[in-house]
Amino acid sequence: MAQVQTSPSPATPNPTSRKAGGFIGSFGVQVLVAMVVGLGLGLLARSLGPAEGQPGYGLAETLHQIGSIFVQLLRALVPPLVFTAIVASIANLRELQNAARLVWRTLLWFAITALIAVAIGIALGLVLRPGEHAVVDLAAAHAPRTTGSWLDFLTGLVPSNILGLQASTKITDGAATTTASFNVLQILILALVAGVAAIKVGPAGEGFLAFNASALAVVRKVLWWVIRLTPIGTVGLLGNAVAQYGWTTLGQLGAFAGAIYIGLALVLFVVYPTILALNGLNPLRFFAGAWPAIQLGFVSRSSIGTLPVTESLTETRLGVPRAYAAFAVPLGATTKMDGCAAIYPAVAAIFIAQFYHLPLHLTDYGLIVFVSVLGSAATAGLTGAVVMLTLTLSTLGLPLEGVGLLLAIDPILDMGRTAVNVAGQALVPTIVAKREGILNETVFNAPPREVGTEEAVAV
């Protein structure tokens, strides 16, 4: 049985715990109030007209900018957090036994939960038959600009530069715009190599590891400041989604959206609690500990942007050892997507086949399962659900133009998908840690107020 030094018990006196704990109690309320405000402002902007030149344009653009800035702040912290946390975890792995066993158990549970999720998606697609009830105009069909392939996983593993940065250029009306982004999978690989190298060089690497630990503490403190802005970001993100897409567009694909959300609810509130209960863990305690990350994933629509919070809460509120959580959660944020890579592509592929009156056979459903369980790794360096869907459609030989039918309501669906993704990314490390005997159950079973949010993102 692996032995690991765990985080201090939440019962240990901490001068900031009571203050932070009090904030936790109101933090969830603040976010819920922000969701109501965002919904109201979004509906107002929608009723006034959100397009340029209409009365509601200023409000809609303000909501858009607020939400975009909040997500940008979260994403800006991901590269330094992933790098420093993984390097630190490499150093901590010297305290862990059976590290390889933990890795394989993690991948196994990724596959098990994905298999259950895709099975639910296929069943819902066959029972509800959303493609036969859609009223969307066929003219909306168009092939997406970004598609996925099985080679993307291999190319995503190889860093193109030391920072894991990627650049793309778009030409609009003769003007070129270049944007830079990061590939979190490449950053993860770079951090693994740097951490192992620091250990292998012996005493010469101790200074680097000490600097890395200090940098990690600084990044976590900055992250706490950004998290305090979550209610404001929620107003912008939810308000913009409602203003831009409204209920009319959602109604055109109501059967499809309903099938997706039923599937997401089954996974989140039936499958996950059942797995927890079968492993001797209280589902209510899990959701109490992971809920801030799930909530943030819902409003931000970004598993990567939520990664710092998910990782921190998995350690400090679910009791998973830091050395293990620092590996499992970032890995899950790139490859563990029960919402985007299992439920959604399964229902969407069946929807498109039904919409175009194309028959699917038993082998096709087998391919959907195969792609959903293994294919998420092939899109690890790319953008979630849409790319994952194109990979599924390409494998089945279905028209990629069908993706365009679903893009109109994608932001609304992405909220639920991301919430389920984040929940799964916290669930699997918790289950594996429990089964391996390294879960700090004192922390897991502690009332949430005893572990403050600031504690959750601070060293």
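Please refer to the structure higher up on the page.
Colleague: What's the story with the environment of glycine 254 in this structure? I'm lost.
Modeller: Inspection of the secondary structure assignment puts glycine 254 in helix α8 (residues 254-278). Residue classification places glycine 254 among the partly exposed residues on the basis of a relative accessible area of 34%. C-alpha separation for the pair glycine 254 and isoleucine 409, spaced 155 residues apart in sequence, amounts to 9.7 Å.

Colleague: Honestly, the pattern of salt bridges in this entry has me stumped. Any pointers?
Modeller: Should the charged atoms of two oppositely charged side chains come close, the side chains can pair. Taken as a whole and judged by the stated rule, the model has nine salt bridges. Across the pair aspartate 410 and arginine 417 runs a salt bridge whose closest N-O atoms are separated by 3.1 Å. Each of the two residues, aspartate 410 as well as arginine 417, counts as buried. The partner of glutamate 441 in a salt bridge is lysine 434, with the nearest N and O atoms 2.9 Å apart. Look at glutamate 441 and you get partly exposed, because its relative accessible area is 33%. Owing to a relative accessible area of 24%, lysine 434 belongs among the partly exposed residues under this scheme.

Colleague: Would you mind showing me how to read the packing of aromatic side chains here?
Modeller: Two numbers describe a pair of aromatic rings. These are the distance of the centres and the angle of the planes. Evaluation of the coordinates by the stated rule reveals six aromatic pairs. Ring pairs connect the aromatic residues Phe256, Tyr344, Phe351, Phe355 and Tyr356, which therefore count as one cluster. Geometry around tyrosine 344 places arginine 417 over its ring, the cationic atom sitting 4.3 Å from the centre.

Colleague: In this structure, what is going on with the packing of helix α2 (residues 57-92) against helix α6 (residues 206-227)? I would like to understand it.
Modeller: In helix packing, the relevant descriptors are the interaxial angle and the interaxial distance, both defined with respect to the helix axes. Direction vectors running N to C along α2 and α6 enclose 150 degrees, while the axes themselves pass 9 Å from each other. By the angle between their directions, the pair α2 and α6 is classed as roughly antiparallel. In this structure, the crossing between α2 and α6 has a hand that is left-handed. Two secondary-structure elements touch here, α2 through Phe70, Leu73, Leu74, Leu77, Pro80, Leu81, Phe83, Thr84, Ala85, Val87, Ala88 and Ala91 and α6 through Phe208, Leu209, Asn212, Ala215, Leu216, Val219, Arg220, Val222, Leu223 and Val226.

Colleague: Hey, could you run me through the packing of helix α9 (residues 283-300) against helix α16 (residues 410-435) in this one?
Modeller: The interhelical angle for the contact between α9 and α16, taken along N-to-C directions, is 145 degrees, at an axis separation of 8 Å. Read as a crossing pair, α9 and α16 show a hand that is right-handed. Only Met415, Gly416, Thr418, Ala419, Val422, Ala423, Ala426, Leu427 and Thr430 of α16 make contact with α9, whose side of the interface consists of Phe286, Ala290, Ala293, Ile294, Gly297 and Phe298. Of the residues contributing to the contact of α9 with α16, the split by class is eleven nonpolar, four polar and no charged.

Basis of the calculations
- Residues numbered from 1 in each chain as written.
- Predicted model: local features only at pLDDT ≥ 70, side-chain atom pairs only at ≥ 80, totals over all residues.
- Heavy atoms only, no water.
- Helix = DSSP H or I, 4+ residues; strand = E, 2+ residues; numbered from the N terminus.
- Buried < 20%, exposed > 50% of the residue type's maximum accessible area, 1.4 Å probe, protein only.
- Salt bridge = Lys/Arg side-chain N within 4 Å of Asp/Glu carboxyl O.
- Phe/Tyr/Trp six-rings, centres within 6.5 Å; stacked < 30°, edge-to-face > 60°.
- Lys NZ or Arg CZ within 6 Å of the ring centre and 35° of its normal.
- Axes fitted to C-alpha atoms, helices over the stretch in contact; angles between N-to-C directions.
- Parallel < 35°, antiparallel > 145°, perpendicular 65-115°, else oblique.
- Left-handed = near helix turned anticlockwise from the far one by under 90°.
- Contact = heavy atoms within 4.5 Å.
- Nonpolar A, V, L, I, M, F, W, Y, C, P; charged D, E, K, R; others polar.

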